Structure formats: C-alpha cells, structure tokens
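Residue strings, one per chain:
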Amino acid sequence: MKLVYFSAASENTHRFVLKLQTNGTRVDAIRLPMGRNAPAPLITDPYILLVPTYGCGNPRTAVPRPVARFLNIEANRALLRGVISSGNTNFGSSYCMAGRMIADKCAVPHLDSFELLGTQEDVSRIRERLLTA
Amino acid sequence: MTTTPALRGVPAINWNRVTDDIDADVWDRLTSNFWLPEKVPLSNDLSSWRTLTADEQTMTTRVFAGLTMLDTIQSTVGAISLMPDARTPHEEAVYTNIAFMESVHAKSYSSIFSTLLSTDEIDDAFRWSEENENLQRKAKIVLDNYWGDDPEKRKVASTMLESFLFYSGFYAPMYWSSRAKLTNTADLIRLIIRDEAVHGYYIGYKFQLAAAEASPERQAELKDFTFTLLQELYDNEDAYTEDLYDPLGLTEDVKMFLRYNSNKALMNLGYEALFPKEATAVNPAILAALSPSADENHDFFSGSGSSYVMGKAVDTQDEDWEF
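Calculation criteria
Residues numbered from 1 in each chain as written. Chains lettered and ligands numbered in written order. Predicted model: local features only at pLDDT ≥ 70, side-chain atom pairs only at ≥ 80, totals over all residues. UniProt positions renumbered as here; feature names shortened; annotations may be inferred. pLDDT = per-residue confidence, 0-100. Contact = placed C-beta atoms within 7 Å. Helix = DSSP H or I, 4+ residues; strand = E, 2+ residues; numbered from the N terminus. Nonpolar A, V, L, I, M, F, W, Y, C, P; charged D, E, K, R; others polar. Buried ≥ 20, exposed ≤ 12 C-beta atoms within 10 Å, placed from the backbone. Expected span 1.5 Å × (residues − 1).

Under an unreviewed UniProt entry, the name given to chain B is Ribonucleoside-diphosphate reductase subunit beta, and the source organism is Propioniferax innocua. The UniProt entry for chain B carries the following comment under Catalytic activity (unreviewed entry): "a 2'-deoxyribonucleoside 5'-diphosphate + [thioredoxin]-disulfide + H2O = a ribonucleoside 5'-diphosphate + [thioredoxin]-dithiol". A UniProt comment under Sequence similarities (unreviewed entry) is attached to chain B, and it reads "Belongs to the ribonucleoside diphosphate reductase small chain family."

Looking at an unreviewed UniProt entry, one finds chain A named Protein NrdI and attributed to Propioniferax innocua. In its Sequence similarities (unreviewed entry) section, UniProt records this for chain A: "Belongs to the NrdI family."

Right, dumping it as structure tokens:
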C-alpha cells in the first residue's frame, strides 16, 4: 500500500523511508510538505500514514502541524487505512503518542511503531507490512 | 593596555528571522519542559529509602554522585563548548538553555541527597565520585573532546554523554520505581530523562548538518571517530557498571540498558544502531518504569509518585484539528 509520511528538517523519518526502498523493493511513498503553512496534498488512493511524535509529551503538539492539516481534509482522512509512528521511550507514556492520537481520532489501527531512526528489524518488519497491506 | 573594540556590527539575536526552524522548535520544547526539583515531593521517599539494604543504598548514592558529575561537566563545559561553532544565533541561545538545565539537573541530585542522606554520607558520595577510576576515566574521555579543537567531535562526545553515558545511572531509579520504591525520586529522574532526549536529538542534529556538508574523507573520519569513541566509552561503562551493580547482581540487566541507549546515541548522530536486538533486550520492568502512567495511578499532589507534568490524556482538543 501507498505510504504518506512527514519528516522534519532532521530527516530522520525520511531516512527510514529510504531504507524501506532498499533490497529491490519499491514502496510508493509521498512526503508531506514541511513548511508550517505549506498546502496539504490531496491523496487519491488508500494509504498508511507514517508520523514521528513531537511535543515531548504534550498532546497539543504531539502530531506535527502539517500532518494535522493534511488530515483535516476529509477526502484524505477517508483513504487512511492505518498509522505507523515513531518516538523516543525517553518521553515515557507519550512514546509514539502521535500514532495513538491519530488512530483514535480517525478510527484506524495503530499498526506499528519504532524508535528514532528504527533498527534493521524495524525496517524489515514495516516493509513487509506495507507490501502485504 | 587593552582597548575596547569598536562596537560596530555586533549582532543582536533576531527571533523573527529564524533560518533553522528546528532551533525555534527545540527552544519551545525546552522552555515548555522547564521544571525545578522543588516541585517534586522527594521527602515522601524517606520511608522507602529506609527499607533499602546498606548495599542498595550505597549503589544508589554512588549512582547519583556519578550523575551529578556528568551533569556538571555538561553544564559548565559541554554545552558551552558548542557555542563558538553554532551555525545560527538561535542555536547559541538553545545551548544557553541546555547549559542552565544541566545545572538544574546537577542541583536536583543534591536535593535527593539532602532528603535521604546525612552530611557525612553526602561528603562520602562526592569523595567516591572523585576517586572512582572508571567514573573519572569517563569524564576524562569526554572532556578531552570538549577541550579539543574539532567542533564536530565535540558534538559527538556531547551526544554520547546526553544519550548514552547517563544511563548506567538512570537504570537505578527506574529499577526502584519498578519495585514501587523511591517513586518521587523516579519522577524527578524522568523529567531529566525527557530533557536529555531533546538535548541528544538537537546536538546530534547539528552534528548531522555539519557532517552532510563535509567531504567524503571527512565524513569517513567522523564516522570512524564516532564508533571508536563509542567503543572506548562502552568498555569503560562496562567496568563502571560492574563497580556499581555487581554487589546487587544487576550488572547484566544494566548492560542491556546501556547497549540499548548507545544505539539511540548513534541514531541521534544519524548512524545505524550497532548492537543487535538480542543484546539490547531491556528488562520490560525498566521500560515500563520509564512510562509510569500506563500502569500506575499515583497522583502528583498526594506525592505518592508518578508523572508530574507528563501528559496523560491521549486525546485533547487542539486548534489544529478540524474534526
């Protein structure tokens, strides 16, 4: 299935997506624009959303703003099939909170999560998940 | 005789012209995370402290003395040493926040000490920290880089300290928390752990920006340096962990936590994890202790432990959501 993802200037999530593409597999991935006010794209196929958790435990800022703006578009929300999130266990109970919040709000499954850049195991597991979804 | 340089072109920081959004983002995160140890009711831990055996108290005290030393270094040398090479004035400002917050962390351990220990016991703990070879070696390795002339190696050493070297110490309060002991102390340590995550992320990010601009030879040198430094620090952490935890039989469990966190330090620097999954299998009780509100219902105001300031509700209103 198609992947839609957000990655900030730190490029952490972007690099995770690049790793999904290796080993001859091709994951169709669309990166959301970074700018605070950049217009959100309109998606036309079912997709899985990959989102890093922001906000250091503050639910008000856990979901990156461009992701919220993207999901505010009803047509985009209607095609969302699941969420994958990343985070840092240092933030305790807020670990991967962005994924849980979106899953709750949009009533889709929180399919998977990983820490920071993700390990090799995370990459293969999530690649498999996307290719079979 | 010295003369005052002409005051022309001295820049003033303009937060309305931010060139790297991450500077502003991290500044906001750090300032909204601000806390002071006085807000945590540490004295409620006295009764559980008294249930610890002498060996357990010694280990815990030494752990905090070691952490105090690392926070002191990071505040007074580490964060400051990054300022001259800041890419933006906002980056410099973020380092002033990091430096100050590390001083708050260092002072927090003194709050813990004054709650739990006598003056003599506190003095003993500080003496131990100055005499323990492995702790001193850890400080020396880091300081040599902070005082060295390579700005990128300073960032690597700083990220290692923030994201890896603290964790031989952080294990202990998480261990006690998992056994429902010293829960207020654990609350305070969780606040520190949260801050260190932002510090490691940010310094690692600034390292990656510099590395991305470097020549392939320089990139290879920095990568080689990073993994060599990690190995040197890891070997030392191994020995330091044995000093602290061997009497309690916890050493192997702590080492899992060390390797897990050293992988995270590497990731903050943009490198792949080094240790495989089976070498980083952190005890689930320790991971659960990092995330207290998932399985504890203690209330901050009653002082019985758990997560002050940390968000509990998953779903809240946010002006960004329109549905």
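Moving on: the confidence of the model for chain B. Averaged over chain B, the pLDDT score is 91; the fraction of residues at 70 or greater is 89%. Interface confidence for the predicted complex, expressed as ipTM, amounts to 0.87; the pTM equals 0.90.

Glancing now at the interface of chain B and chain A. Contact residues are listed per partner, giving 36 residues for chain B and 30 residues for chain A. Elements with a contribution of two residues or more to the side of chain B that touches chain A: helix H1 (21–32), helix H9 (183–213), helix H11 (251–268) and helix H12 (284–290) of chain B. Of all the elements, H9 of chain B adds the most residues to the side of chain B that touches chain A, at seven residues. Tallied by class, the residues present in the side of chain B that touches chain A amount to 16 nonpolar, eight polar and 12 charged.

Turning to its location among the elements, Leu-117 of chain A is positioned in the loop between strand S5 (110–115) and helix H5 (120–132). The exposure class of Leu-117 of chain A is buried, given the 24 C-beta atoms found within 10 Å. Separated by 105 residues in the primary sequence, Leu-117 of chain A and Asn-12 of chain A place their C-alpha atoms 5.7 Å from one another. Leu-117 of chain A has contacts with Asn-12, Arg-15 and Phe-16 of chain A together with Met-267 of chain B, leaving out every residue within four places of it along the chain.

Moving on, we come to the UniProt feature "binding site: Fe cation 1" (unreviewed entry) in chain B. All names here are of chain B. Cross-referencing UniProt, the feature "binding site: Fe cation 1" (unreviewed entry) maps to Asp-71, Glu-102 and His-105 in the present numbering. Judged by maximum C-alpha separation, these annotated positions cover 35 residues in sequence but sit close together in space, the widest gap being only 6.5 Å. Checked against the element boundaries, Asp-71 lands in helix H3 (residues 54–82). What Asp-71 contacts, discounting residues up to four positions off in sequence, is Glu-102, His-105 and Ala-106. Along the chain, Glu-102 falls in helix H4 (residues 89–116).

In this model, H1 of chain B (12 residues) spans 17 Å end to end at C-alpha, consistent with the 16 Å of a helix rising 1.5 Å per residue. Where H1 of chain B is buried, its residues meet H4 and H9 of chain B.

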